[in-house]
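Examination of the molecular architecture
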Amino acid sequence: MEMQYLQGVGPKRAMLLSKELGLNSIEDLLRFFPTRYIDRSTITPIAEIVPEAAFVQVRAKVISREIKPKRLSVIVEDSTGRMELVFFRGIKWASEKLSPGSEFIFFGKPAAFNGKVNMVHPEIDPPNSDTSGVMTGVYPSTEKIKNAGITGKVMNKIMAAALEAGLPSIQETLPDYVLKSKSLVPIHFALRNIHFPQSADALLKARRRLKFEELFLLQLSLLKQKFVRMRSVKGIEMPKVGPSFNACYNALPYKLTGAQQRVIKEIREDMRSGRQMNRLLQGDVGSGKTMVAVLSALIASGNGFQSCIMAPTEVLARQHWRNISKYLLPTGVKCAVLTGTTKASERREIHAGLEDGSIGIIVGTHALIEDDVKFKNLGLAIIDEQHRFGVDQRAKLWNKRNDGLLPHVLVMTATPIPRTLAMTLYGDLDVSVIDEMPPGRTPVQTLHCYESKRASVYKFMREQIALGRQIFVVYPLIFESEKMDYKNLEAGAEQIMNAFPVPQYKTAVVHGQMKAEDKNFNMDAFVAGRADILVATSVIEVGVDVPNATVMIIESAERFGLAQLHQLRGRVGRGSNQSYCILMTDFKLSSESKRRIELMCSTDNGFTLAEEDMKLRGPGDMDGTAQSGLPVELSIASLAKDGMLLSEARDFAMRILERDPQLSAPANDLLFKTLNSGRYAIKDYSVIS
Ligand code: ADP
Ligand code: MG
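This section reports on the structure supplied with the text. (Residues numbered from 1 in each chain as written. Chains lettered and ligands numbered in written order. Predicted model: local features only at pLDDT ≥ 70, side-chain atom pairs only at ≥ 80, totals over all residues. Heavy atoms only, no water.)

Digging into the overall build of the chain
So the rule is basically this: What counts as a helix is a DSSP run of H or I of at least four residues, what counts as a strand is a run of E of at least two, and both are numbered from the N terminus. Relative accessible area decides the class of each residue, using a 1.4 Å probe on protein chains only: under 20% of the type maximum gives buried, over 50% gives exposed, and in between gives partly exposed. Contacts: residue pairs with any heavy atoms within 4.5 Å of one another. Only the protein chains shown count as cover for residues, with accessible areas throughout obtained via the Shrake-Rupley method and a probe of 1.4 Å.
Looking only at helices and strands, one finds 23 helices and 22 strands in the chain. Taken across its 689 residues, the chain has 54% of its residues classed as buried. Counting only contacts in the chain whose residues sit at least 6 apart along the sequence, the fraction spanning at least 24 positions is 75%. Of the accessible surface of the chain, which amounts to about 31500 Å², a share of 53% is contributed by carbon and sulfur atoms.

Written as structure tokens, this is what we have:
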């Protein structure tokens, strides 16, 4: 049966449900779950209503009603007090229904207005309606849905009709042995009770079953791809370590941290295994990922293969190249840098060097994936700051060999991803973590200052400059309005230059609207210590390594996400001097911004922050960009809260696949069917090769 034929739906609403909520069938409806439940067994006395409450139900008598411009105001009263009900729509209907003296049960979300509590568009029920012991599901909705008259109550009615019409044809998705060994309730029980819980206990069981199902099928699908790929894709075997690796290693000015050593060992194992490496390397800013990249590239070169290292920006690419070239001095391996601004003559030379194999390691930006860049023998691709590269762009890299073999892939990210998210996003990737900082670092001190403290912040900056230190001042960049951001930065830069006048102080300014040459020139001035202050927008220059910089001032810090704040803070504290991060904000802060700032001041552990960030913002928004979507949208499980269940589901999926990687055994027939039913088809987001 089509959704539109359900009682209470009809063609118009069906279209709206499809457009607004993506619900196209009765089964979609049944798998559209309440986000919470309201216990309608309690009646709240008016005097006890707080505007923060999600929903309340009052039993009250109408005292008066008055049609004001554009709205109807109704005053109701119970034995404890009075409150106002407001209607902007259905004014005629409501004023007829709510005649003074009559009593009703009103149900809705309280709000504060002029210091008093009111309720807008409450649901209205007869005073004697039996609502005892009922838990009512509340579904996600939109303005358009509400305007079409699909209130919470109507949605509940539609769901009841959907259950009656659709449940009999819903098939169980999990085999019996899965249900038994995980103590899960059958699908019919789960769907009935998720929409209309018989009891709190039944609801718990229903939720557990549906969450497990969701996480389990997702993991099964991701891991199955991984198993298949491990069999079908042949990797390049790199059995040796080679003399260049050893030459570099022995000349290192410091000892590798335990974490760096462990990760290099993991990478080395991958590269000699004969399977293609697909590894995500996570490490906080400053944890020493560059060194790991260099040593990995040297393994490739020791086996006769070239490597490429891709960075998201020109500045970063050049900085990488400078650093890497230093490490490579004792090895004789030739390293070049290729970006959008590389001159034509130089570009030709580099192209030739890559084709004849004389360049062993190439560092660069997107320019590396252009079609005219050809390698003699590319064996390893390293991608730094992975979240800036689109899937398509990565795919282009894999076409750089013409023998069907895929180069090994190492994706490095400084954005710590919570374990649960990594498992979901990169279910088929191996994950390495550098969880140890190089020794000798003093943790960065983080402070929150309101605008009113600007003078003392400037005083502090002068003191630091007098000590010979350098300072970053960063302005937020918001994509909607680059012009305005630029203005923001320009005004800020002017303010700084007034407070820190030449010739005593030197300030370099860098922003996105600048010509690349000017940008490089100003950046170089700061990196080389010729400028005391660098004023910049946030996006461009992340990643620069200036150990002498000890102060990071983040302007309008409330406009940054936690992950970004943490990234920026990582630009200081790279040397042995005490470093500071100062978060400047407006006096008015939302509670969420306040929480972010507090968290920043309380910890410098990137993983703790990432977990908190996920709780604050939801996992879909981790990078703060739309492109970081999940491979599937979870409809009931939460990555922030269901980490344990996710691990359990993953282990279970793994065990099944180890025995039956194709899910071809009769016992897994149902799983095979479920996975191929379309409902669980996942976007191939996580597969990076
Ligand atoms: P990341 O890329 O992870 O942010 P980098 O690779 O840029 O970090 O390293 C940050 C700084 O730490 C660099 O100056 C680097 O030379 C230094 N470094 C890396 N590994 C070590 C180590 N084991 N001991 C001391 N210093 C290190
Ligand atoms: Mg780095």
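A closer look at the environment of Leu-218
Structurally, Leu-218 is set in helix α8 (residues 200–232). When its relative accessible area of 3% is taken as the criterion, Leu-218 is described as buried. Each C-alpha atom of the pair Leu-218 and Arg-650 lies 8.8 Å from the other, and the pair is 432 residues apart in sequence.

Quick look at the nonpolar core
Our working definition: For the purposes of this section, nonpolar cores are sets of buried Ala, Val, Leu, Ile, Met, Phe, Trp, Tyr and Cys residues that join through side-chain atoms within 4.5 Å.
Grouped together as the largest cluster of nonpolar side chains are 36 residues, with contacts concentrated most on Met-271, Leu-295, Leu-298 and Ile-361. For this core, the secondary structure elements donating two or more residues are α9 (243–251), α10 (258–272), α11 (289–302), α12 (314–328), β13 (361–364), β14 (378–384) and β15 (408–413). Of all the elements, α11 adds the most residues to this core, at nine residues. Discounting chain neighbours no more than four positions away, the residues touching Leu-298 are Val-241, Ser-244, Phe-245, Cys-248, Leu-328, Thr-331, Val-333 and Ile-361. Core analysis: the second largest hydrophobic core is formed by 32 residues, Phe-33, Tyr-139, Met-159 and Ile-170 among them.

Description of the sheet that holds strand β20 (residues 533–537)
What counts here: When DSSP finds two or more bridges between two strands, those strands count as paired. Only C-alpha atoms enter the line fits that serve as axes; for helices the fit covers just the stretch in contact. Angles between N-to-C directions range over 0 to 180 degrees.
Pairing in this open sheet of six strands is parallel, and the strands run β17-β22-β21-β18-β20-β19 from one edge to the other. Edge positions in the sheet fall to β17 (445–450) and β19 (507–510), since each of these pairs with one other strand and no more. For this sheet, the mean inter-axis angle between neighbouring strands, taken without regard to orientation, is 20°. Pairing of strand β21 (residues 549–554) with strand β22 (residues 580–585) involves four bridges; the strand directions are parallel. Within β22, the residue paired with Met-552 across the bridge is Cys-581. Of the strands in this sheet, β17, β18 (470–475), β20, β21 and β22 touch helix α16 (residues 454–466), which is tilted by about 160° from β22. Contacting β17, β18, β21 and β22, helix α19 (residues 562–569) runs over the sheet at an angle of about 155° to β21.

Thoughts on the packing of aromatic side chains
Where two aromatic rings form a pair, the distance of their centres and the angle of their planes describe that pair. As a reminder, the rule being used: Working definition: rings of Phe, Tyr and Trp (its six-membered ring) pair if their centres are within 6.5 Å, and the pair is stacked with planes under 30 degrees apart, edge-to-face with planes over 60 apart, and tilted otherwise.
All chains considered together, the criterion is met by 11 aromatic pairs. Centroid distance Phe-104 to Phe-106: 5.8 Å. Interplanar angle 55°. Geometry classified as tilted. Owing to a relative accessible area of 9%, Phe-104 belongs among the buried residues under this scheme. Classification of Phe-106 as buried rests on a relative accessible area of 0%. Between Phe-212 and Phe-216, the aromatic rings sit 5.5 Å apart at their centres with planes inclined by 15°, giving stacked as the arrangement.

Quick look at the side chain of Ser-301
Here Ser-301 shows up in helix α11. Looking at Ser-301, the relative accessible area reads 18%, which means it is buried. Sequence-distant contacts of Ser-301, that is, excluding residues within four places in its chain, are made with Ser-244 and Val-333.

Some details on the packing of α11 against α12
Heads up, the rule is: The labels follow the angle: roughly parallel below 35 degrees, roughly antiparallel above 145, roughly perpendicular from 65 to 115, and oblique for the rest. If you view the pair so one helix is near and one far, a crossing is left-handed when the near helix is turned anticlockwise from the far one by less than a right angle, and right-handed when it is turned clockwise. Polarity classes work like this: nonpolar for Ala, Val, Leu, Ile, Met, Phe, Trp, Tyr, Cys and Pro, charged for Asp, Glu, Lys and Arg, and polar for all others, with Gly in that last group.
Closest axis-to-axis distance for the α11/α12 pair is 11 Å, and the angle between their directions is 55°. The angle between α11 and α12 falls in the class oblique. In this structure, the crossing between α11 and α12 has a hand that is right-handed. Contact residues: Thr-290, Met-291, Val-294 and Leu-298 in α11; His-320, Ile-324, Tyr-327 and Leu-328 in α12. Each residue belonging to the contact of α11 with α12 can be placed in one class, and the counts come to six nonpolar, two polar and no charged.

Function cannot be inferred from these measures alone, as they are strictly geometric.
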